[in-house]
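If you want the building blocks of each chain, they are given just below.
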Amino acid sequence: MQSYTLNNGVQMPALGLGVFQTPPDETRAAVMAALDLGYRHIDTAAVYGNEREVGQAIRESGLPREEVFVETKTWISDYGYDETLHSFDKSAAKLGVDRIDLLILHQALPSDFDKTLAAYRALERLLADGKVRAIGVSNFMADHLTALLDATSVVPAVNQLEIHPYFQQRAVLDFDDRHGILNQAWSPIGGITFYTGEERQSVLADPAVTAIAGAHGKSPAQVLLRWGIQQGRSVIPKSTKPHRMAENIDVFDFTLDADELKTLDALESGHRGGPEPADVTLAAYGHILIPEA
Ligand code: NDP
């Protein structure tokens, strides 16, 4: 498995398994299947409610702990210095690990940025104490990152963002590249373009994507993952189905040429699938509380 070196020297696999919307009672089997197929990176979040089952699967796989890269996210209702320190305790206890490989802030709170900064300073403390191996952010736009970099000392290792051909966030990607922040794609096969129930075209069914897939004897999902990896991004496709997990990890034996990359880049629609960053407020989403371990 190809890996990336984060800005503090830590290695992270290029491709991992996402578990957003994986029901807790299916998570253990899904993660066990993924580890069996060769996945060595799991992306969960406190707010997904399945950290405990992720941890169970890692232990039951029998793999040495250091062989599996565990990433999780602190939810906004746990922002604040002490609260975020405690969010680590909750997540680590549910995961059953002493150390989390990558802990990130799930969202910026643009209207409550002091709280976001306090949360990030807690991540810096956890990093200094060796409780996490790397820290980062998610869904941070360039202006949030500028404000964060101005006020804190550790450059985030990762920014996890909605990235698929229909919504590429090139300005943020460029900002991250310039500052040594690795771009990590959520909905890397465009899940947000088809699982919300909105009437939208799925990027997996886009004729340009299916044509490139046909030319390589690969699936549309494999083409989208390859597009991300070839452009230096971490990708974390979610599936609960072992045959799809096997498909999604089988993306290291073909190469998209420059024209194909350009064709995929040209699919940008400007339509964000996830929440507008400015709409993420404690009033709107802060009522979701993360239980104690
Ligand atoms: P993905 O792009 O990974 O798509 C997941 C969807 O695609 C699921 O419905 C899955 O269904 C289906 N699927 C998986 N593999 C295939 C395949 N080969 N062919 C066809 N369909 C397939 O979307 P996500 O939004 O789940 O993003 C991935 C991960 O990113 C999440 O699980 C989570 O870890 C993270 N994330 C982070 C967010 C953030 O705000 N930081 C927001 C959203 C996601 P099935 O399971 O039935 O196979």
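Residues numbered from 1 in each chain as written. Predicted model: local features only at pLDDT ≥ 70, side-chain atom pairs only at ≥ 80, totals over all residues. Heavy atoms only, no water.

What the protein chain contains, in helices and strands, is 11 helices and 10 strands. Against the globule reference of 19 Å for 293 residues, the protein chain gives a C-alpha radius of gyration of 18 Å, in line with a compact fold. The principal-axis extents of the C-alpha atoms in the protein chain amount to approximately 55 × 45 × 40 Å. Within the protein chain, the proportion of its 293 residues that are buried is 55%. A sequence separation of at least 24 residues applies to 73% of the contacts in the protein chain between residues at least 6 apart. Side chains of the protein chain give 25 positive and 40 negative charges; the mean places of these two sets differ by 3 Å. (Helix = DSSP H or I, 4+ residues; strand = E, 2+ residues; numbered from the N terminus. Rg over C-alpha atoms; globule rule 2.2 N^0.38 Å. Buried < 20%, exposed > 50% of the residue type's maximum accessible area, 1.4 Å probe, protein only. Contact = heavy atoms within 4.5 Å. Lys, Arg positive; Asp, Glu negative; His and termini not counted. Charge placed at Lys NZ, Arg CZ, Asp CG, Glu CD.)

Now for unusual backbone geometry. Excluding glycine, residues mostly have negative phi values, and the peptide bonds linking residues are mostly trans. In this structure, Q169 is a non-glycine residue whose phi angle is positive, near 50 degrees. Mapped onto the secondary structure, Q169 falls in the loop between β8 (158-162) and α6 (170-179). Non-glycine residue S187 carries a positive phi angle of around 50 degrees. The residue S187 is located in the loop between β9 (182-186) and α7 (207-216) in this model. Taking relative accessible area as the criterion, S187 reaches 11% and is therefore assigned buried.

Attention now goes to the site of the ligand. Within the structure, the ligand sits among 29 residues, and D43, S187, Y195, S239 and K241 are positioned closest to it. The contact in question runs from an oxygen atom of the ligand to an N or O atom on the side chain of S187, over 2.7 Å. Between the ligand and the protein, one listed contact pairs an oxygen atom with a side-chain N or O atom of Y195 at 2.5 Å. Here the ligand, which alone exposes 900 Å², has 91% of that area covered by the protein. The element that contributes the greatest number of residues to the shell around the ligand is helix α9 (residues 242-249), accounting for three residues. Across the shell around the ligand, the residue classes break down as 12 nonpolar, 11 polar and six charged. (Near = heavy atom within 4 Å. Polar contact = N/O pair within 3.5 Å; in protein donor to acceptor, adjacent residues only side chain to side chain. Areas by Shrake-Rupley, 256 points an atom, 1.4 Å probe, with all protein chains shown as cover. Nonpolar A, V, L, I, M, F, W, Y, C, P; charged D, E, K, R; others polar.)

Okay, the side chain of H106 next. Checked against the element boundaries, H106 lands in the loop between β6 (100-105) and α4 (113-128). Exposure remark for H106: the relative accessible area of 9% places this residue in the buried category. Contact partners of H106, with chain neighbours within four places excluded, come to A45, V47, Y48, K73, T74, W75, Y79, S138 and N139.

Our focus in this paragraph is the nonpolar core. Ranked by internal contacts, the top residues of the largest apolar core, which has 86 residues, are L6 and L264. Ignoring any residue separated from it by four or fewer positions in sequence, one finds L264 in contact with P165, Q168, V209, I212, V223, L224, W227 and L256. (Core = buried A, V, L, I, M, F, W, Y, C linked by side-chain atoms within 4.5 Å.)

This part covers the packing of α4 against helix α5 (residues 142-151). The geometry of α4 relative to α5 is characterised by a closest axis approach of 11 Å and an angle of 55 degrees between their N-to-C directions. Considered as vectors, α4 and α5 are oriented oblique to each other. Note on packing geometry: the crossing formed by α4 with α5 is right-handed. In contact with F113, L117, Y120 and R121 of α4, α5 contributes H144, A147, L148 and A151. (Axes fitted to C-alpha atoms, helices over the stretch in contact; angles between N-to-C directions. Parallel < 35°, antiparallel > 145°, perpendicular 65-115°, else oblique. Left-handed = near helix turned anticlockwise from the far one by under 90°.)

For the coordinates displayed, the defined rule picks out four aromatic pairs. When the ring centre of F254 is taken as origin, the NZ or CZ atom of R226, which lies over that ring, is 5.9 Å away. For the cation-ring pair, R233 lies above W227, with the distance from its terminal atom to the ring centre recorded as 4.5 Å. (Phe/Tyr/Trp six-rings, centres within 6.5 Å; stacked < 30°, edge-to-face > 60°. Lys NZ or Arg CZ within 6 Å of the ring centre and 35° of its normal.)

With that out of the way, let us pick up a nonpolar patch on the surface. Together, F20, F194 and Y195 make up a nonpolar patch on the protein surface, roughly 270 Å² of accessible area in all. With respect to the secondary-structure elements, F20 resides in the loop between β3 (17-18) and α1 (24-37). (Patch = residues over 30% accessible without salt bridge, like charges linked within 9 Å, V, L, I, M, F, W, Y side chains within 5 Å. Salt bridge = Lys/Arg side-chain N within 4 Å of Asp/Glu carboxyl O.)

Moving on, we get to α5. Three or more residues of α5 are buried, namely H144, L145 and L148. One side of α5 carries all its buried residues, which in axial view fall inside an arc of 95 degrees. Exposed residues lying more than 90 degrees from the buried face of α5 are D143 and D150. Residues of α5 that are buried make contact with α4, β7 (132-138), β8 and α6. (Arc of directions from axis to C-beta.)

Let us now look at the pairing of β9. Walk down a regular strand and you will see the side chains alternate between the two sheet faces. Most of β9 is tucked away, with five of its five residues classed as buried. Side chains L182, Q184 and W186 of β9 all project onto a buried face; the interleaved residues N183 and A185 project onto the opposite face, where all are buried too. Here five bridges tie β8 to β9, and the two strands are oriented parallel to one another. Across the sheet, V158 pairs through a bridge with L182, a residue of β9. (Pairing = 2+ DSSP bridges.)

Taken by themselves, the reported measurements are silent on function.
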